[in-house]
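Chain by chain, the residues run as shown.
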Amino acid sequence: MTRQMRRILIVDDSPRDTELTLEALGTENLANDVVTLRDGAEALDYLYQRGDWEDREPGLPAVVLLDIKMPRVDGLEVLRTVRADPAFDRLPIVLVTSSREEPDLEEAYRLGTNAYLVKPVEVDKFIRAISTLGVFWAVLNELPPGTPEGAS
Amino acid sequence: MGLSTGNERQLATARASVGARRSAWRSVLPFLAGIAAAGALFTGMVVASVAAGREVIATQRRVTHTLEVLRVAEALDSAISRAESFQRAFLLARNESFRRDSAEQSEIALAASERLADMTADNADQHRRVEQLRDLLKLRLTRLESVVAAAREADHATIANMIASEAALRLPEQLRAELDAVIDAENALLEARHARQREALGRARVAYVGAAVTGFLVFGVFAVLLRAHLTVQGEVTTALAASEAQFRKIADGLPQLIYLTDETGQVRLTNERWREFTGIEPSAVRRGDEGSFVHPDDLAGTLDAWNRALSTNRPYERELRIRRRDGEYVWHLSRAAPLTDSLSGETLWLGSMTDIDERRRQEAKVRESEARVRELHRSLEERAAELTAVNRELEAFSYSVSHDLRAPLRHIDGFATLLEKQLHGTLDEKALRYLKTIREATRDLGRLIDDLLDFSRLGRQSLRTMRVAPGELVREAAEVAERAEPGRRIEWKLGPLPDVEADRTLLRVALDNLLGNAVKYTRPRELATITVDAAESEDGMRTIRVSDNGVGFDMRYASKLFGVFQRLHSEAEFEGTGIGLATVQRVVHRMGGRVRGEGAPGAGATFFLTLPAPHQEEG
């Protein structure tokens with residue numbers, strides 16, 4: 001069966017976590033169209049098609065898996081910036097983070113995150129969570145109108 | 001024990017000196033008006049009497065005068081008669097002595113007529129008559145003299161002729177007539193004057209009687225009025241004395257120090273208590289001596305306020321220290337108000353001093369304790385601020401812990417898993433076991449960290465207590481606990497539970513832990529029976545009991561039940577980090593309650609969760 005595969009953005013400063021996330025997505029064959037970014041600044045560069053990402057393919061990702069604690073520009077800052085921009089206010093964003101601290105939860109939802117996932121320590125659970133997320137956002141979810149489809 | 005004698009004397013003088021005079025004057029005024037009127041009347045009568053008297057005297061004088069005139073007229077008459085007799089006698093006897101006598105009588109007659117003339121000078125008619133009389137008399141006497149002179153040498157016939165011719169002149173008759181006329185007129189005058197005299201006497205009598213009567217009247221009225229006045233005065237004085245005595249009794253009976261001053265502030269009298277307290281005789285206190293019983297620090301302000309009150313006639317009030325006879329100063333509240341005597345118009349000041357020493361001491365104590373309270377409050381606020389700061393630090397700490405500690409754990413676990421996957425075919429059992437151990441240990445550490453973070457968070461979380469009905473929370477917790485171990489046969493016995501004053505979230509956490517434990521430790525049982533109901537509790541508290549038919553525990557180690565990471569069973573027997581009951585205790589303590597456990601090995605365990613009763617009663 002054909003599945004629409006769309007781009008997934010991973011924004012995380014930890015290469016290890018990024019690798020684990022890729023592994024997880026891989027279990028559902030969702031790792032083909034993934035862009036990994038190291039911090040919030042790179043994420044914004046990508047989204048706004050500037051800096052190193054000037055020449056990227058245009059279009060919005062299906063989902064952004066966004067970590068909170070990152071150097072330079074953190075996840076909440078990205079969220080705030082992105083949500084303030086009408087171009088991105090419907091972009092699906094899932095905060096994927098170690099923190100279950102209430103202030104972060106509070107702030108994240110206030111800023112307009114779509115979902116909030118606390119990274120489980122047990123890797124099985126982690127893999128299950130990420131892959132579920134990936135399937136949901138990249139496959140199941142109907143994108144807002146106007147979002148370009150990814151490569152099939 | 002009345003007012004001291006010194007005071008009595010003072011009172012008498014006080015009354016007499018100013019009050020009495022003024023009041024007597026005021027009350028007697030109407031009487032005086034009446035008396036003045038009567039007196040005027042009397043005076044009028046007296047003046048009338050005096051006038052009448054004078055009139056009587058005047059009329060009397062006039063009568064006397066008239067009588068005198070008559071007497072002189074008589075004298076004249078008799079002198080003339082004698083003169084004529086002597087003339088006749090001489091003519092008959094030719095005795096020289098007769099001639100001399102006649103001449104003498106003539107002189108007398110003339111003198112009398114002169115006298116008459118003088119005396120009738122005021123009466124025109126009479127005077128004219130008298131003058132005529134005098135003229136006639138002079139003529140007669142002259143003629144008589146001439147007859148007498150002629151008779152010396154003449155004979156009887158000549159004398160007889162002379163006499164006859166004299167007689168023919170009828171001088172004596174004329175004289176007589178004139179004299180009679182005079183006398184008649186004078187008599188008539190006498191009559192009139194007598195009448196007038198009688199009239200004057202009559203009027204005088206009336207005036208005297210009138211004066212006497214009005215005099216008596218005045219005296220009578222005065223006496224009556226005076227008596228009435230004195231009676232009233234007497235009554236007033238008695239009433240005054242009675243009310244004064246009453247006042248003294250009251251004043252002496254009061255615990256306050258009572259004082260009475262005049263409008264200059266000079267003390268007139270005080271009550272017994274004042275004397276007793278200060279040990280000073282009020283008569284000894286002159287204006288300016290107030291320092292003898294007022295505390296020096298209060299003196300200036302007190303005098304100032306007192307003088308101001310006296311001059312503005314406004315009531316006086318002041319707290320000040322009064323010197324007791326033993327030298328101690330005691331706080332008193334002094335109040336005085338002016339009283340104006342309606343009769344005399346004099347203003348006296350009546351004051352009292354009440355002992356407020358105790359009150360002031362209490363006030364001082366209150367101020368002290370208030371200050372201490374404020375101090376305590378301030379330090380409490382400081383502590384609270386410190387605590388808040390510490391809490392914030394802890395927040396930041398656990399925040400970084402939750403990120404920084406978990407990530408490596410995840411990576412260890414993650415890559416160990418991936419390694420396993422990668423090497424799956426090539427690894428022997430031991431190697432696999434090693435990898436498995438790595439992963440399990442990582443998970444354990446992760447759980448420990450999570451539990452610790454939860455435990456810490458539950459301690460720091462803000463508390464929102466309210467009236468909570470635990471039933472629903474118990475059911476929820478039971479469901480969760482049961483879901484954690486599917487396939488188990490568990491009998492839940494949930495009895496009616498009392499409402500408690502609690503934080504819903506924290507109570508739920510406690511129940512989760514207790515019920516979770518109950519489910520866990522009844523695992524060896526075929527049928528687990530877990531009961532949640534109400535237990536007895538002391539006043540103001542409510543107790544929830546959670547009991548199970550599980551493996552129980554040894555009461556010897558009951559003190560370790562609630563220790564952090566303390567366990568009474570091995571990891572092999574039952575999994576767990578040993579934070580569950582510590583968490584329960586922590587949250588229960590935060591809500592102002594207690595928790596304790598009972599059990600016996602193999603005979604189950606019972607936990608008593610005690611929380612405060614709801615603050616508001618329903619309804």
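Residues numbered from 1 in each chain as written. Chains lettered and ligands numbered in written order. Predicted model: local features only at pLDDT ≥ 70, side-chain atom pairs only at ≥ 80, totals over all residues. Heavy atoms only, no water.

1. Section: helix H12 (residues 504–521) of chain B
Under the convention used in this document: Only DSSP runs of H or I covering at least 4 residues are called helices, and only runs of E covering at least 2 are called strands; the numbering of each starts at the N terminus. For a helix, the expected span equals 1.5 Å multiplied by the residue count minus one. For every residue, the accessible area obtained with a 1.4 Å probe (protein chains only) is divided by the maximum for its type, and the residue is called buried under 20%, exposed over 50%, and partly exposed between those limits.
An ideal rise of 1.5 Å per residue puts 26 Å on 18 residues; H12 of chain B measures up with 25 Å between its terminal C-alpha atoms. Those residues of H12 of chain B that fall on the buried side of the exposure criterion are Leu-506, Leu-507, Val-509, Ala-510, Leu-511, Leu-514, Leu-515, Asn-517, Ala-518, Val-519, Lys-520 and Tyr-521 of chain B.

2. Some details on empty space enclosed by the protein
All names here are of chain B. Defined as follows: Definitions used throughout: a 1 Å grid over protein atoms alone; a cavity as a set of points that fits a 1.4 Å probe which cannot get out; a pocket as an open set with protein on both sides within 12 Å along at least five of seven lines; a lining residue as one with an atom within 4 Å of a point. Grid points are joined across faces, edges and corners, and a volume is the space filled by probe spheres set on the points. Only Asp, Glu, Lys and Arg are considered charged in this grouping, and only Ala, Val, Leu, Ile, Met, Phe, Trp, Tyr, Cys and Pro are considered nonpolar; every other residue, Gly among them, is considered polar.
Taken as a whole and assessed by the stated rule, the structure comprises six cavities of 30 Å³ or more. Approximately 210 Å³ is the volume attributed to the largest cavity. Lining the largest cavity are 16 residues, with Tyr-259, Glu-290, Phe-293, Trp-306 and Met-353 sitting closest to its centre. The set of elements that each furnish at least two residues to the lining of the largest cavity consists of strand S1 (257–262), helix H7 (296–312) and strand S3 (316–323). Counted by class, the lining of the largest cavity contains eleven nonpolar, four polar and one charged residues.

3. Here's the deal with a nonpolar patch on the surface
We count it as follows: Surface patches are defined over residues having more than 30% relative accessible area and no salt bridge, joining like charges when they lie within 9 Å and nonpolar side chains (Val, Leu, Ile, Met, Phe, Trp, Tyr) when within 5 Å. Residue exposure ignores everything except the shown protein chains as possible cover, and the areas themselves are Shrake-Rupley values with a 1.4 Å probe. Only one rule defines a salt bridge in this text: a Lys or Arg side-chain nitrogen within 4 Å of an Asp or Glu carboxyl oxygen.
Together, Leu-445, Leu-448, Leu-452, Val-564 and Phe-565 of chain B make up a nonpolar patch on the protein surface, roughly 380 Å² of accessible area in all. Turning to its location among the elements, Leu-452 of chain B is positioned in helix H10 (residues 429–460).

4. What to know about the sheet that holds strand S4 (residues 329–340) of chain B
All names here are of chain B. Heads up, the rule is: Two strands qualify as a pair provided DSSP detects at least 2 bridges between them. A fitted line through C-alpha atoms represents every axis, and for helices the fit uses only the stretch in contact; the resulting angles, taken between N-to-C directions, go from 0 to 180 degrees.
With antiparallel pairing, the five strands of this open sheet are ordered in space as S2-S1-S5-S4-S3. Single-partner strands in this sheet number two, and they are strand S2 (267–270) and S3. Averaged over all pairs of adjacent strands, the angle between strand axes in this sheet comes to 30 degrees, irrespective of strand direction. One ladder, built from nine bridges, connects S4 with strand S5 (residues 347–355); its direction is antiparallel. By the bridge assignment, Arg-335 is partnered in S5 with Ser-352.

5. Concerning the packing of helix H1 (residues 15–26) of chain A against helix H9 (residues 406–423) of chain B
Note the threshold: Any angle that is under 35 degrees is reported as roughly parallel, and any over 145 degrees as roughly antiparallel; angles of 65 to 115 degrees are reported as roughly perpendicular and all others as oblique. Here a crossing is taken to be left-handed if its near helix is turned anticlockwise relative to the far helix by less than a right angle, and right-handed if that turn runs clockwise. For this analysis, residues touch if any pair of their heavy atoms sits within 4.5 Å.
Where H1 of chain A contacts H9 of chain B, the axes come no closer than 10 Å and their chain directions differ by 45 degrees. By the angle between their axes, H1 of chain A is oblique relative to H9 of chain B. The way H1 of chain A lies across H9 of chain B gives a crossing that is left-handed. Here Arg-16, Asp-17, Glu-19, Leu-20 and Glu-23 of chain A of H1 of chain A come into contact with H9 of chain B, specifically with Arg-410, His-411, Gly-414, Phe-415 and Leu-418 of chain B. When its residues are assigned to classes, the contact of H1 of chain A with H9 of chain B shows three nonpolar, two polar and five charged.

6. Concerning the sheet that holds strand S12 (residues 605–612) of chain B
Residue and element names in this part refer to chain B. Spatially, the five strands line up as an open sheet ordered S7-S9-S10-S12-S11, and their pairing is mixed. Strands with a single pairing partner mark the edges of an open sheet, and in this sheet they are strand S7 (490–494) and strand S11 (594–599). Direction aside, neighbouring strands of the sheet carry axes that sit 15 degrees apart on average. In this sheet, S12 lies alongside S11 in antiparallel orientation, the contact comprising six bridges. Residue pairing across strands places Gly-597 opposite Phe-607, the latter belonging to S12.

7. A short note on the nonpolar core
Residues and elements named next belong to chain B. The following threshold applies: Nine residue types can take part in a nonpolar core, namely buried Ala, Val, Leu, Ile, Met, Phe, Trp, Tyr and Cys, and a core is a set of them joined through side-chain atoms within 4.5 Å.
If you look at the biggest cluster of nonpolar residues, it comprises 39 residues, and the most contacted ones within it are Leu-507, Leu-515 and Phe-607. Put simply, the parts of the chain that give this core at least two residues each are helix H11 (470–484), strand S8 (500–503), H12, strand S9 (528–535), strand S10 (541–548), helix H13 (580–590) and S12. Ranked by the residues each element gives to this core, the list is headed by H12, at nine residues. In this structure, Ala-79, Leu-141, Leu-175 and Ile-183 belong to the second largest nonpolar core, which totals 26 residues.

8. A closer look at the confidence of the model for chain B
For any part of a model where pLDDT is low, the fine detail of the predicted coordinates should not be relied upon. Residue and element names in this part refer to chain B. As a reminder of what qualifies: Per residue, pLDDT measures the predictor's confidence, with a range of 0 to 100.
A residue-level look at chain B finds 94% of positions with pLDDT of 70 or above and a mean pLDDT of 85. Note on residues 1–5: pLDDT is under 50 here. Beyond four places in sequence and across chains, it has eleven contacts. Two summary scores accompany this predicted model of the complex, namely pTM at 0.41 and ipTM at 0.71.

9. Section: the pairing of S8 of chain B
Residue and element names in this part refer to chain B. A two-sided burial pattern is seen for S8, the buried positions comprising Val-500 and Ala-502 on one face and Glu-501 and Asp-503 on the other. In this sheet, S8 lies alongside strand S6 (residues 465–468) in antiparallel orientation, the contact comprising four bridges. By the bridge assignment for S8, Val-468 is matched with Val-500.

10. Some details on the packing of aromatic side chains
The condition is simple: Note on aromatic contacts: the rings of Phe and Tyr and the six-membered ring of Trp form a pair at centre separations within 6.5 Å, being stacked when their planes are under 30 degrees apart, edge-to-face when over 60 apart, and tilted otherwise. We count a charge as sitting over a ring when the NZ of a lysine or the CZ of an arginine lies within 6 Å of the ring centre and within 35 degrees of the ring normal.
The tally for this structure, following the rule as stated, stands at eleven aromatic pairs over all chains. Between the aromatic rings of Phe-136 of chain A and Trp-137 of chain A, the centroid separation amounts to 5.0 Å while the plane-to-plane angle is 90 degrees, which identifies the pairing as edge-to-face. You can call Phe-136 of chain A partly exposed: its relative accessible area is 37%. Ring geometry for Phe-86 of chain B against Phe-98 of chain B: centres 6.3 Å apart, planes inclined by 25 degrees, an arrangement best described as stacked. With Phe-86 of chain B in helix H1 (residues 5–93) and Phe-98 of chain B in helix H2 (residues 96–119), this residue pair connects regions lying twelve residues apart in the sequence. Among the residues examined, Phe-98 of chain B registers a relative accessible area of 23% and is labelled partly exposed. The structure contains a cluster of three or more aromatic residues connected by ring pairs, namely Tyr-259, Trp-306, Tyr-316 and Trp-349 of chain B. The ring of Phe-608 of chain B is capped by Arg-596 of chain B, whose NZ or CZ atom sits 4.2 Å from the centre of that ring.

11. Considerations on the interface of chain B and chain A
Going by this rule: The term buried area denotes the loss of accessible surface (1.4 Å probe radius) that occurs when two parts are joined, taken as the sum for both partners. Whenever two N or O atoms come within 3.5 Å, that pair is a polar contact, provided that in protein one can donate a hydrogen and the other can accept it, and provided that, for residues adjacent in sequence, both atoms are side-chain atoms.
Counting residues at the interface gives 23 residues for chain B and 22 residues for chain A. In this assembly, chain B packs against chain A so that about 2,100 Å² is buried in total across both faces, 55% of it on carbon and sulfur atoms. Summed over the shared surface of chain B and chain A, the result is two salt bridges. With a closest N to O distance of 3.1 Å, Arg-439 of chain B and Asp-124 of chain A form a salt bridge. The interface formed by chain B and chain A holds eight residue pairs in polar contact (both at pLDDT 80 or more) in total. Where the side of chain B that touches chain A is concerned, the elements lending two or more residues are helix H8 (357–404), H9 and H10 of chain B. For the side of chain B that touches chain A, the element with the most residues is H9 of chain B, which contributes ten residues. For the side of chain B that touches chain A, a count of residues per class yields four nonpolar, eight polar and eleven charged.

12. Some points on the pattern of salt bridges
Applying the stated criterion to the full structure yields 55 salt bridges over all chains. With a closest N to O distance of 3.5 Å, Arg-7 of chain A and Glu-57 of chain A form a salt bridge. With Arg-7 of chain A in the segment before strand S1 (8–11) and Glu-57 of chain A in the loop between helix H2 (40–47) and strand S3 (63–66), this pair connects stretches of sequence that are 50 residues apart. Here Arg-110 of chain A and Glu-107 of chain A are joined by a salt bridge, their closest N and O atoms 3.0 Å apart. Here Glu-107 of chain A and Arg-110 of chain A lie together in helix H4 (residues 102–111), a separation of three residues that amounts to about one turn. Several salt bridges converge on common partners, so that one network encompasses Asp-124 of chain A together with Asp-413, Glu-420, Arg-439 and Arg-443 of chain B.

13. Considerations on the pairing of S3 of chain A
The side chains of a regular strand alternate, residue by residue, between the two faces of the sheet. Residue and element names in this part refer to chain A. Taking every second residue as pointing to the same face, both faces of S3 are buried, with Val-63 and Leu-65 on one and Val-64 and Leu-66 on the other. As paired elements, S1 and S3 share four bridges and run parallel to each other. From the neighbouring strand, Leu-9 faces S3, where its bridge partner is Val-64. Where S3 meets strand S4 (residues 93–97), three bridges bridge the pair, whose relative direction is parallel. Of the residues in S4, the one forming a bridge with Leu-66 is Leu-95.

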